[in-house]
Amino acid sequence: MSNSLIAAPEILQNELIVAIAQKGDIRHFPAKAIIIHEGDVSDSLYIILSGKIKIFSANQAGKEVVFNVHGAGDYIGEMSLDGQPRSASAITLEPTSCSVVSGNQLREFISLHPDFATHLIFKLIRRARVASDNLKSLALLDVYGRIARLLLELAEPEGDVLVIKQKLTHQDIADRVGSSREMVTRILKDLSTGGYLSMQEKHITVHKKPPAAW
C-alpha cells in the first residue's frame, strides 16, 4: 500500500505524525492480534491508521489490567526509546492498520524534526498524568467510584445525554477498574434501575451524572 494514503486528513491530523508515518511500513492486523508483548526488547513505534489497540498487562493466571485503548491518529510504543523491555502488551480490538516505524527511523526523524521531540514529551506527560490518576483512583476510590469515573471519562456529549461509543462488556470495565465482572454487573444494574444509564449492544448511554457515592 502506498504510504501517501496515510496523509489523508481524516486519518491523521497532525502534520508531524503524517510525516513520520510516511517513514514506516504499513501493516494490517486482524482483530485480537497481539502486536507487542510485554517484556520484549524492541523499539518500533506503531502509528495507528485505523482500528483500536488495547494496552494491558496480564499475569500467568490470565488476570488482566487494562491501561488504555488507543485509536486512529494515536501512536504506541514510544516508551521503548530508552532501550528497556516493553512495559506492557498491546492487542488489536478490531482489524487495525499501523505504520510501523523502526527505532532508528524514529531517532533520525527526531534529529531532523526537533518539534516532534516536543510532541513526544507532551504525549509522555499526558500518559504519565493518566497513570497517576489511575493510581489515585485505585488507592482512594471504591469500585463504584472507579466505575463512575471511567464512564464519565469515556462518554462523549450527544444531544442531551452522554454516549460511550466504544463497545464495552462488563469484563472490559472490570479489567479497566480492577474489579470482578460480577461487581461491575451489579453496579451497572443498580445505575440502570436508578435511571442513570442504559446499555444496548455493549454501548452505554449516560442519562444523568452518577452520584458521588452509592
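Structure: above.
Residues numbered from 1 in each chain as written. Predicted model: local features only at pLDDT ≥ 70, side-chain atom pairs only at ≥ 80, totals over all residues. Heavy atoms only, no water.

Caption draft 1: A look at the sheet that holds strand E9 (residues 156-158). In space, the four strands of this open sheet follow the order E9-E10-E12-E11, with antiparallel pairing throughout. The sheet terminates laterally at E9 and strand E11 (197-200), the two strands that pair on one side only. Adjacent strand axes in the sheet meet at a mean angle of 30 degrees, parallel and antiparallel pairs treated alike. Two elements, E9 and strand E10 (residues 161-164), share three bridges in a ladder whose sense is antiparallel. Paired with Glu-156 across the bridge in E10 is Val-163. (Pairing = 2+ DSSP bridges. Helix = DSSP H or I, 4+ residues; strand = E, 2+ residues; numbered from the N terminus. Axes fitted to C-alpha atoms, helices over the stretch in contact; angles between N-to-C directions.)

Caption draft 2: Geometry of the nonpolar core. Counting residues in each nonpolar core, the largest one holds 20 residues, and the members touching the most others are Ile-147, Leu-151, Ile-173, Leu-188, Leu-191 and Ile-204. When residues of this core are traced back to their parent elements, those giving at least two are helix H4 (143-154), helix H5 (170-177), helix H6 (181-193) and strand E12 (203-206). Residues contacting Ile-147, with those up to four places away along its chain left out, are Ile-173, Val-177, Val-184, Ile-187 and Leu-188. The next biggest cluster of nonpolar side chains, apart from the first, holds 13 residues, and it includes Ile-35, Ile-48, Ile-55 and Val-100. (Core = buried A, V, L, I, M, F, W, Y, C linked by side-chain atoms within 4.5 Å. Buried < 20%, exposed > 50% of the residue type's maximum accessible area, 1.4 Å probe, protein only. Contact = heavy atoms within 4.5 Å.)

Caption draft 3: Expanded view of the pattern of salt bridges. Within this structure, the stated rule accounts for nine salt bridges. A salt bridge links Asp-74 to Lys-123; the shortest N-O distance between them is 2.8 Å. Note that Asp-74 is positioned in the loop between strand E5 (64-71) and strand E6 (75-76) and Lys-123 in helix H3 (residues 114-140), a separation of 49 residues in sequence. Through salt bridges that share partners, Asp-74, Glu-78, Lys-123 and Arg-127 make up one connected network. (Salt bridge = Lys/Arg side-chain N within 4 Å of Asp/Glu carboxyl O.)

Caption draft 4: Quick peek at the pairing of E12. Summarising the sheet, E10 and E12 pair through three bridges and their orientation is antiparallel. Bridged to Val-163 within E12 is Thr-205. In terms of strand pairing, E11 meets E12 through four bridges, oriented antiparallel. Paired with Ser-198 across the strands is Thr-205, a residue of E12.

That is the geometry; function is a separate question.
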